[in-house]
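Spelled out from the first residue to the last, the chains are:
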Amino acid sequence: MNMSIMREIRILFVLDHKLMAYRLPFFEQLAKKGYNVSVYHPGPALENISYITQKISHSRNIFPGLIYRANSIAKNTDIVVYMQNIRIINLWFTTLNPFKGYKLIHWGIGTSSAKGLILKPTIISRIRSFLSGFSSAQILYSDYPLPLFSKSIQKKTFIANNTVYNPKMENLSSEIKNSFLFIGTLNKRKGLDDLIFSFSNIIFFYPDANLQLNIIGDGPEKKNLIKLVDKLKIKNYVTFTGKISSSNEKYIYFKRAIACVSPRQAGLSVLESFSYGVPFIAYRNAISGGEHLNIENGFNGYLLNSNKELTESLIKLFESPKLAKKLGSNAFEYYKSKRQMKHMVDVFDSAFKYVINS
């Protein structure tokens, strides 16, 4: 089949997680390129979405660590994009099926990310590489894991850097700043206690500072974090806003943010911050799908090794608005030139053309 033939190419995405709202602009832009997009996910289905077809796949555990999903791939499907989660046994069946009548693309991080990105061969990485060998192509979040794959697999690998779409993308680095920002789920692995301790050190040195720490999100650690804030006597300087989804509301907080900080986990909030011209701060070994690799230390944010360095970086940016502005402007230009949603979509478009014409 050649892409020049005037027929809709039918693409089926099989997700290993429920369909999140932040993914919708990605699928919408693919649909605008003329692809017929369906999405399998565990549910619940998102309402009022007309540009994709949603299919709910129920799952059950069959062995410790292995999941079976009830997926049924239609015969007229041209390309299946399967998230590269080897815990889902259907990925094995689909990949090793010699009679599949469609092209198969593996999509994922390309390595383990539970404790920071791992770049050494393991049994799991060898299995992942083995399965990738039977795919038509592979799409990775970043080029970091490429050394874990053979040269033949690397030749059919595309790098679609994970990102988010921001309808209010704007360089806010020149605005008046008076806060630090966290955005995300409030759980223990994010290292929010480190952030609060470091912020309290600034308040200790600058008790009269017009400075806030805004924490956007909800989660199981919220009560513990509120207790910590009370214990450190910085209640007047810290605001827990709860979850905010509205772009208009988030815009207000990013506009005032010196930097966005998530010490121990750095995901798509890195790209969202950059899209507003706000630098990002995280630890070098932060849990990440590769998004923290967008942070260039001292250029568009900071990658740190300790809580001491975190405190020093926050103080440095607070004391030097010019430095914060420079890092923020760099962050925005980086996002604008390399990490807009259209860049991710264009790579998928290239991968689809590659597998259809190969």
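Since we're looking at a predicted model, the values are computed, not measured.

1. Some thoughts on the side chain of Thr-311
Part 1 of the reasoning: By the element assignment, Thr-311 lies in helix α9 (residues 307-319).
Part 2 of the reasoning: Residue Thr-311 is classed as buried on the basis of its relative accessible area of 11%.
Part 3 of the reasoning: Beyond its immediate chain neighbours, meaning those up to four positions away, Thr-311 contacts Ser-198 and Asn-201.

2. Comments concerning the pattern of salt bridges
Between side chains of opposite charge, a pair can form as their charged atoms come close.
Part 1 of the reasoning: For the structure on display, the rule yields six salt bridges.
Part 2 of the reasoning: Here Lys-353 makes a salt bridge to Asp-349, at a shortest N to O gap of 3.3 Å. With a gap of four residues between them, Lys-353 and Asp-349 both fall in helix α11 (residues 341-357), about one helical turn apart.
Part 3 of the reasoning: With relative accessibility at 37%, the residue Lys-353 sits in the partly exposed group.

3. Comments concerning the layout of surface pockets
Part 1 of the reasoning: By volume, the second largest pocket is sized at about 190 Å³.
Part 2 of the reasoning: The wall of the second largest pocket is formed by 13 residues, among which Glu-175, Lys-177, Ile-258, Pro-321 and Ala-324 lie closest to the centre.
Part 3 of the reasoning: Broken down by element, the lining of the second largest pocket gets its largest block of residues, three residues, from helix α10 (residues 321-338).
Part 4 of the reasoning: Its residues assigned to classes, the lining of the second largest pocket shows six nonpolar, four polar and three charged.

4. Thoughts on the confidence of the model for the chain
Part 1 of the reasoning: On average, residues of the chain score 94 in pLDDT, and 98% of them reach the 70 mark or higher.
Part 2 of the reasoning: Within the model, pLDDT remains below 50 along residues 1-6, and this stretch shows eleven contacts once partners closer than five positions in the same chain are excluded.

5. Structural notes on the sheet that holds strand β3 (residues 52-56)
Part 1 of the reasoning: Taken in spatial order, the seven strands of this open sheet run β3-β2-β1-β6-β7-β8-β9, and their pairing is parallel. At either end of the open sheet lies a strand with only one pairing partner, and these are β3 and β9 (157-159). Going across the sheet, the axis of each strand differs from the next one's by a mean of 20°, ignoring polarity.
Part 2 of the reasoning: Two strands pair when backbone bridges link them, and strand β8 (residues 137-140) and β9 are joined in this way by three bridges, in the parallel orientation. Paired with Gln-138 across the bridge in β9 is Thr-157.
Part 3 of the reasoning: Lying over the sheet, helix α1 (residues 24-32) contacts β1 (10-14), β2 (36-41), β3 and β7 (103-108), oriented at roughly 150° with respect to β2.

6. Let's talk about the packing of aromatic side chains
Part 1 of the reasoning: Enumeration over the complete set of coordinates arrives at 19 aromatic pairs.
Part 2 of the reasoning: A ring pair is formed by Trp-107 and Tyr-141, whose centres lie 6.2 Å apart and whose planes are at 65°; its orientation type is edge-to-face. With Trp-107 in strand β7 and Tyr-141 in the loop between β8 and α4 (151-154), this pair connects stretches of sequence that are 34 residues apart.
Part 3 of the reasoning: Since its relative accessible area comes to 1%, Trp-107 is described here as buried.
Part 4 of the reasoning: Between Phe-130 and Phe-134, the ring centres sit 5.2 Å apart and the planes meet at 70°, which makes this aromatic pair edge-to-face.
Part 5 of the reasoning: Under the relative-accessibility criterion, Phe-134 is labelled partly exposed at 44%.
Part 6 of the reasoning: In this structure an aromatic cluster arises from ring pairing among Phe-13, Phe-26, Phe-27, Tyr-35, Trp-107, Tyr-141, Phe-348 and Phe-352.
Part 7 of the reasoning: Positioned above the aromatic ring of Tyr-251 is the side chain of Lys-168, whose terminal nitrogen or guanidinium carbon lies 5.0 Å from the ring centre.
Part 8 of the reasoning: Over the ring of Tyr-253 we find Arg-256, and its NZ or CZ is 5.4 Å from the ring centre.

7. Observations regarding the environment of Tyr-276
Part 1 of the reasoning: As for its position among the elements, Tyr-276 is in the loop between α8 (269-274) and β14 (280-283).
Part 2 of the reasoning: We classify Tyr-276 as buried; its relative accessible area is 1%.
Part 3 of the reasoning: Along the chain, Tyr-276 and Glu-170 lie 106 residues apart, while their C-alpha atoms are 5.1 Å from each other.
Part 4 of the reasoning: Ignoring sequence-local partners within four residues, the contact set of Tyr-276 consists of Asn-166, Lys-168, Glu-170, Asn-171, Leu-172, Ser-173, Ser-247, Tyr-251 and Phe-254.
Part 5 of the reasoning: Within the structure, the side chain of Tyr-276 is placed 3.5 Å from the side chain of Asn-166, a separation counted as a polar contact.

8. Examining empty space enclosed by the protein
Part 1 of the reasoning: Tallied over the entire structure, the rule returns one cavity of 30 Å³ or more.
Part 2 of the reasoning: Its volume calculated, the largest cavity comes out at about 30 Å³.
Part 3 of the reasoning: Lining the largest cavity are Ser-173, Lys-177, Ala-257, Ile-258, Gly-277, Pro-279, Ala-324, Lys-325 and Gly-328.
Part 4 of the reasoning: When residues of the lining of the largest cavity are traced back to their parent elements, those giving at least two are β13 (257-261) and α10.
Part 5 of the reasoning: Counting residues per element, the lining of the largest cavity draws most heavily on α10, at three residues.
Part 6 of the reasoning: Classifying every residue of the lining of the largest cavity by side-chain character gives four nonpolar, three polar and two charged.

9. Topic: α10
Part 1 of the reasoning: With 18 residues, α10 ought to run about 26 Å at 1.5 Å a step, and its terminal C-alpha atoms sit 25 Å apart, in line with that.
Part 2 of the reasoning: Regarding α10, the residues found buried are Ala-324, Leu-327, Gly-328, Asn-330, Ala-331, Phe-332, Tyr-334 and Tyr-335.
Part 3 of the reasoning: Where α10 is buried, its residues touch β13, α8, β15 (301-304), α9 and α11.

10. Things to note about unusual backbone geometry
Part 1 of the reasoning: Going from Gly-43 to Pro-44, the amide bond is cis rather than trans, its omega being 5°.
Part 2 of the reasoning: Within the element layout of this structure, Pro-44 appears in the loop between β2 and β3.
Part 3 of the reasoning: Here Asn-48, not a glycine, exhibits a phi torsion of approximately 60°, which is positive.
Part 4 of the reasoning: Following the sequence through the fold, Asn-48 ends up in the loop between β2 and β3.

Definitions and cut-offs
Here, residues in each chain are numbered from 1, in the same order as that chain's written sequence. Residue-level local features of this predicted model are given only where pLDDT is at least 70; pairs of side-chain atoms are given and counted only at 80 or more, and the full residue set underlies all totals for whole chains, interfaces and linings. Only hydrogens and water are removed before side-chain values are computed, so all heavy atoms of the structure are retained for them. Helix and strand definitions here come from DSSP, where helices need a minimum of 4 consecutive H or I residues and strands a minimum of 2 consecutive E residues; each element is numbered from the N-terminal end. Accessibility here uses a 1.4 Å probe with only protein chains present; expressed as a share of the type maximum, an area under 20% marks a residue as buried, one over 50% as exposed, and anything in between as partly exposed. Working rule for contacts: check all heavy atoms of both residues, and any pair within 4.5 Å makes them a contact. We define a salt bridge as a contact between a side-chain nitrogen of Lys or Arg and a carboxyl oxygen of Asp or Glu at a distance within 4 Å. The way it works is a 1 Å grid over only the protein atoms, where trapped points that fit a 1.4 Å probe form a cavity and open points with protein on both sides within 12 Å along at least five of seven lines form a pocket, and then any residue with an atom within 4 Å of a point lines it. Grid points are joined across faces, edges and corners, and a volume is the space filled by probe spheres set on the points. Residues are grouped as follows: Ala, Val, Leu, Ile, Met, Phe, Trp, Tyr, Cys and Pro are nonpolar; Asp, Glu, Lys and Arg are charged; all remaining types, including Gly, are polar. Known as pLDDT, the predictor's per-residue confidence is scaled from 0 to 100. By this definition, two strands are paired if DSSP reports at least two bridges between them. The angle between two axes is taken between their N-to-C directions and runs from 0 to 180 degrees, where each axis is a line fitted to C-alpha atoms and a helix contributes only its stretch in contact. Classification of ring pairs uses Phe, Tyr and Trp, with its six-membered ring standing for Trp, and accepts pairs whose centres are within 6.5 Å; under 30 degrees between planes counts as stacked, over 60 as edge-to-face, and the remaining range as tilted. Placement of a positive charge over a ring is assigned whenever Lys NZ or Arg CZ falls within 6 Å of the ring centre and within 35 degrees of the normal to the ring plane. The term polar contact refers here to a pair of N or O atoms within 3.5 Å; inside protein, the definition further demands a hydrogen-donor-capable atom paired with an acceptor-capable atom, and it admits residues adjacent in sequence only when both atoms are side-chain atoms. Here a helix's expected span is defined as the number of its residues, less one, multiplied by 1.5 Å.

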